[in-house]
Amino acid sequence: MERTFIAIKPDGVQRKLAGEIIRRFESKGFTLVGLKFLKVSRELAEAHYDVHREKPFFSGLVEFITSGPVVAMVWEGEGVVAAARKLIGATNPLTAEPGTIRGDFGVNIGRNIIHGSDAVETAQREISLWFKDEELVNWQPHLMPWLHE
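Residues numbered from 1 in each chain as written. Predicted model: local features only at pLDDT ≥ 70, side-chain atom pairs only at ≥ 80, totals over all residues. Heavy atoms only, no water.

*Asks:* Explain the overall build of the protein chain to me, and be specific about the residues and the numbers.
*Replies:* A tally of helices and strands in the protein chain yields eight helices and four strands. Along the protein chain, helices (α) and strands (β) appear in the sequence β-α-α-β-α-α-β-α-α-β-α-α when read from the amino end. Relative to a compact globule of 149 residues, whose C-alpha radius of gyration would be 15 Å, the protein chain shows 15 Å and is just as compact. Taking the principal axes of its C-alpha atoms as reference, the protein chain extends roughly 45 × 35 × 25 Å. Burial statistics for the protein chain: of 149 residues in total, 44% are counted as buried. For the protein chain, the proportion of contacts with a sequence separation of at least 24, taken over those separated by at least 6, is 78%. Split by element, the accessible area of the protein chain, about 8300 Å² in all, is 54% carbon and sulfur. Considering the protein chain, the positive charge centre built from 18 side chains and the negative charge centre built from 20 side chains are found 6 Å apart. (Helix = DSSP H or I, 4+ residues; strand = E, 2+ residues; numbered from the N terminus. Rg over C-alpha atoms; globule rule 2.2 N^0.38 Å. Buried < 20%, exposed > 50% of the residue type's maximum accessible area, 1.4 Å probe, protein only. Contact = heavy atoms within 4.5 Å. Areas by Shrake-Rupley, 256 points an atom, 1.4 Å probe, with all protein chains shown as cover. Lys, Arg positive; Asp, Glu negative; His and termini not counted. Charge placed at Lys NZ, Arg CZ, Asp CG, Glu CD.)

Now the structure itself:
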């Protein structure tokens, strides 16, 4: 099974959207295998956004993700990376489709509620940054036969 990294950003936490976002992933049939509620260190934020280090918005990303608590998660499921991106919606909430997390709750590109890995390789990198192996739970929900052949 594939895994992806999802983070509810400080604006999503402050707006009390964590439960709704988790519900959407559970309703889709994905399995939660890692969950943390934390205040992100500058070091972790810079490592997470390293791909954007040379871009003018890098410092703003770091400042925002460290400005309040974050809910960090690892979800597992068939095609979870691509499916999560669809659940999340376009980066800019103003162009995100209604029914997506950003389309329903996002305000602007700087306050877009949630982060999701954009590729399997990115997910592996992000999961290893945010979680130790022993913090991830390998388990199989009893409903799996109802979701997969």
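*Asks:* Which residues make up the pattern of salt bridges, and what values go with them?
*Replies:* What the rule picks out here adds up to eight salt bridges. When the shortest N-O distance is used, the salt bridge between E20 and R24 registers 2.8 Å. Highlighted residues: E20 and R24, both in helix 2 (residues 18-28), separated by four residues, approximately one helical turn. On the basis of relative accessibility, which here comes to 24%, the residue E20 falls in the partly exposed class. A relative accessible area of 15% places R24 in the buried class. In this structure, the salt-bridge partner of E135 is K36, at a minimum N-O distance of 3.0 Å. Here the residue E135 occupies a position in the loop between helix 7 (120-130) and helix 8 (144-147), and K36 occupies one in strand 2 (residues 31-39), the gap between them amounting to 99 residues. On the accessibility criterion, E135 (31% relative accessible area) is partly exposed. A relative accessible area of 23% means that K36 is categorised as partly exposed. (Salt bridge = Lys/Arg side-chain N within 4 Å of Asp/Glu carboxyl O.)

*Asks:* Any chance you could break down the UniProt feature "domain: Nucleoside diphosphate kinase-like" (unreviewed entry) in the protein chain for me, citing the residues and the numbers?
*Replies:* When the UniProt feature table is mapped onto this chain numbering, "domain: Nucleoside diphosphate kinase-like" (unreviewed entry) sits at residues 1-138. Helix makes up 41% of residues 1-138 and strand 20%, with an end-to-end C-alpha separation of 11 Å. (UniProt positions renumbered as here; feature names shortened; annotations may be inferred.)

*Asks:* Run through the UniProt feature "binding site: ATP" (unreviewed entry) in the protein chain, naming residues and quoting values.
*Replies:* When the UniProt feature table is mapped onto this chain, "binding site: ATP" (unreviewed entry) is found at K9, F57, R85, T91, R102 and N112. Within the fold, K9 resides in the loop between strand 1 (2-8) and helix 1 (10-14). For K9, a relative accessible area of 9% puts it in the buried group. By relative accessible area, R102 is classed as buried at 4%.

*Asks:* Which residues make up the packing of helix 2 against helix 5 (residues 80-88), and what values do they have?
*Replies:* The interhelical angle for the contact between helix 2 and helix 5, taken along N-to-C directions, is 135°, at an axis separation of 11 Å. In this view, helix 2 runs oblique relative to helix 5, as classed from their interaxial angle. Considering only the axes of helix 2 and helix 5, their crossing is right-handed. For the pair formed by helix 2 and helix 5, the contact residues are R24, F25 and K28 on the first element and A84, L87 and I88 on the second. Taken together, the residues of the contact of helix 2 with helix 5 break down into four nonpolar, no polar and two charged. (Axes fitted to C-alpha atoms, helices over the stretch in contact; angles between N-to-C directions. Parallel < 35°, antiparallel > 145°, perpendicular 65-115°, else oblique. Left-handed = near helix turned anticlockwise from the far one by under 90°. Nonpolar A, V, L, I, M, F, W, Y, C, P; charged D, E, K, R; others polar.)

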